[in-house]
Amino acid sequence: MEQRFTFDGVAALYGGTRPVYPEPLFDDIVAFAGLDDTDRVLEIGCGTGQATQGFARRGFSVLALDPGSDLIGIARENLAEFPNIRFTTSTFEAWPGETATFKLALAAQSFHWVAPEIRFAKAAAQLTPDGTLAVFGNVPLPPTSPLGPEFARIYSRYAPSLSGPPAEAWYLSGGPFAALFEESEHFGQVTHRCYPWSRMHGTTSYTDLLRTLSGHRLLADEQREALLGAIAEVIAAHGGEFELRYETHLYLAKRR
């Protein structure tokens, strides 16, 4: 089963625990793309609408794609007050496209799931000649001591396959995506911006968040519950909550 299809099975948790994005990020995208209220926006992989809402609140017309019907069902409920938001249940690969229609195409925490051979070419094809592609993702940073070392020990014991950098590290400035975007023949010079922020987590909110991550979803049930139980015990032993720091990395470029 392809990993991106695992999220629909935890749609309610996904909608309640996945982090949203810093407000300045949306303002920077709008300014870079030169959007006005007549422009259309395409979102590739909307999930439950964490990024969609940033453009909905600013009055833009968005076509949001996602392969998860339960995810889209929650997104529809969350954004029901915005008549300019439309949803289509489809992968980006299977979607037939609307060539040269959108001033902005965006992918929030989703572009790494798109087939490499089409991700840049198909995104460019949907854009108007002056259109922009915006790709961004939240990257969690390792918790400070003592939780960071304790978490590392737990993963080494219960899920060594997840002991390395998180999947979200793909979006770091030194990660794979930055180079792929720069090398793309479909877009011009890439602009990168980083937004540091943090959120507080307790035992339940953090383990619920982990339940929505694709690597954790693919663990055997017994293995996953042992892992999350050990993590919950460590958080409880160190005060019951902690600050999880993030960097949101944004990449922007105009269509060639």
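Keep in mind it's a predicted model, so treat the numbers as computed, not measured. (Residues numbered from 1 in each chain as written. Predicted model: local features only at pLDDT ≥ 70, side-chain atom pairs only at ≥ 80, totals over all residues. Heavy atoms only, no water.)

1. Re the side chain of Thr128
At step 1: Looking at where Thr128 falls in the secondary structure, it is placed in strand β5 (residues 127-140).
At step 2: A distance of 2.9 Å separates a polar atom in the side chain of Thr128 from a polar atom in the side chain of Asp130.
At step 3: With sequence-adjacent residues up to four places away left out, Thr128 is seen in contact with Ala100, Thr101, Phe102, Lys103 and Arg255. (Helix = DSSP H or I, 4+ residues; strand = E, 2+ residues; numbered from the N terminus. Polar contact = N/O pair within 3.5 Å; in protein donor to acceptor, adjacent residues only side chain to side chain. Contact = heavy atoms within 4.5 Å.)

2. Overview of the pattern of salt bridges
At step 1: Scanning the model with the defined rule gives 12 salt bridges in all.
At step 2: Between Glu23 and Arg58 there is a salt bridge, with the nearest N and O atoms lying 2.8 Å from each other. In this pair, Glu23 is assigned in helix α2 (residues 23-33) and Arg58 in the loop between α3 (52-56) and β2 (61-66), connecting sequence segments 35 residues apart.
At step 3: Here Asp27 makes a salt bridge to Arg58, at a shortest N to O gap of 3.1 Å. Here Asp27, found in helix α2, pairs with Arg58, found in the loop between α3 and β2; they are 31 residues apart in sequence, far enough to count as distant.
At step 4: Here the residues in one salt-bridge network are Asp208, Arg211, Asp221, Arg224 and Glu225, joined through shared partners. (Salt bridge = Lys/Arg side-chain N within 4 Å of Asp/Glu carboxyl O.)

3. Some remarks on the nonpolar core
At step 1: In this structure, Ile29, Phe55, Phe87, Leu104, Leu106, Phe136 and Leu250 are the most contacted members of the largest nonpolar core, which totals 29 residues.
At step 2: Those elements that place two or more of their residues in this core are α2, α3, β2, α4 (69-78), β3 (85-89), β4 (102-108), β5 and β7 (241-254).
At step 3: Ignoring any residue separated from it by four or fewer positions in sequence, one finds Leu106 in contact with Val41, Leu42, Glu43, Ile44, Ala51, Phe55, Ala134 and Phe136.
At step 4: The next biggest cluster of nonpolar side chains, apart from the first, holds 27 residues, and it includes Trp95, Trp170, Val190 and Ala253. (Core = buried A, V, L, I, M, F, W, Y, C linked by side-chain atoms within 4.5 Å. Buried < 20%, exposed > 50% of the residue type's maximum accessible area, 1.4 Å probe, protein only.)

4. So, the packing of helix α8 (residues 203-211) against helix α10 (residues 221-237)
At step 1: The contact between α8 and α10 brings their axes to 9 Å, and the two run at 150 degrees. As judged from the angle between their axes, α8 and α10 are roughly antiparallel. Here α8 runs over α10; the crossing is right-handed. When α8 is examined against α10, the residues Thr203, Tyr206, Thr207, Leu210 and Arg211 are found in contact with a partner set consisting of Glu225, Leu228, Ile231, Ala232, Ile235 and Ala236.
At step 2: Here the contact of α8 with α10 is composed, by residue class, of seven nonpolar, two polar and two charged. (Axes fitted to C-alpha atoms, helices over the stretch in contact; angles between N-to-C directions. Parallel < 35°, antiparallel > 145°, perpendicular 65-115°, else oblique. Left-handed = near helix turned anticlockwise from the far one by under 90°. Nonpolar A, V, L, I, M, F, W, Y, C, P; charged D, E, K, R; others polar.)

5. Quick word on the packing of helix α6 (residues 147-158) against α10
At step 1: Packing of α6 against α10 leaves a shortest axis separation of 10 Å and a crossing angle of 160 degrees. It follows that α6 is roughly antiparallel to α10 by the angle criterion. Crossing of α6 against α10: the hand is right-handed. Each of Leu147, Glu150, Phe151, Arg153, Ile154, Tyr155 and Tyr158 in α6 lies in contact with α10, whose residues at this interface are Gln223, Ala226, Leu227, Ala230, Ile231, Val234 and Ile235.
At step 2: Within the contact of α6 with α10, the residues separate by chemical class into 11 nonpolar, one polar and two charged.

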